[in-house]
Amino acid sequence: MSVSFQQLRSILKESGLPVFRDEPASSVTYPYVVYEFVNETHKRASSRVLKSLPMYQISVITNGVETDYEPLKNALNSYGVSFSQFEGLPYDENDDTITQFITYVRCVN
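First things first, this report covers the structure right here in the doc. (Residues numbered from 1 in each chain as written. Predicted model: local features only at pLDDT ≥ 70, side-chain atom pairs only at ≥ 80, totals over all residues. Heavy atoms only, no water.)

### What to know about helix H2 (residues 70-78)
Within an α-helix, residues lying three or four positions from one another point in the same direction, as the helix has 3.6 residues per turn.
Item 1. Taken together, the buried positions of H2 are occupied by Leu-72, Ala-75 and Leu-76. Taken end-on, H2 shows its buried residues confined to a sector of 95 degrees, consistent with a single buried face.
Item 2. Buried residues belonging to H2 abut helix H1 (5-14), strand E2 (32-45) and strand E3 (48-62).
Item 3. Once H2 ends, the next one or two residues include Gly-80, with phi positive near 70 degrees. (Buried < 20%, exposed > 50% of the residue type's maximum accessible area, 1.4 Å probe, protein only. Helix = DSSP H or I, 4+ residues; strand = E, 2+ residues; numbered from the N terminus. Arc of directions from axis to C-beta. Contact = heavy atoms within 4.5 Å.)

### Focus: the sheet that holds strand E1 (residues 19-21)
Item 1. As summarised here, the arrangement of the 5 strands in space is E1-E2-E3-E5-E4, forming an open sheet in which the pairing is mixed. For this open sheet the edge positions go to E1 and strand E4 (87-93), each flanked by a neighbour on one side alone. Direction aside, the axes of adjacent strands within the sheet are offset by 35 degrees on average.
Item 2. Judged from the 7 bridges that link them, E4 and strand E5 (residues 96-106) form a sheet pairing that is antiparallel. Paired with Leu-89 across the two strands is Gln-100, which belongs to E5. (Pairing = 2+ DSSP bridges. Axes fitted to C-alpha atoms, helices over the stretch in contact; angles between N-to-C directions.)

Structure below.
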């Protein structure tokens, strides 16, 4: 299902994890969600832009394991939101080595 950016933000918050744009507050504890704008494509007809399609990277930052992103995955699935598979990458934050589980969602404006 296609979602707007506002709908995506609401769904992220329904996961029950703290949600931040670009970077978290300094006092937040793991796990939490960070979303960032990646790019934008356009649907065009007759040289006019009909729809803007921004893509967002959504990351679950945790010092735990892959089960920490389950609440986010469940929230996205409950609304039928299309998202890419999650990938786990080591991440360095405040001299701690943690894991960043990343997925991507394309919105419709």
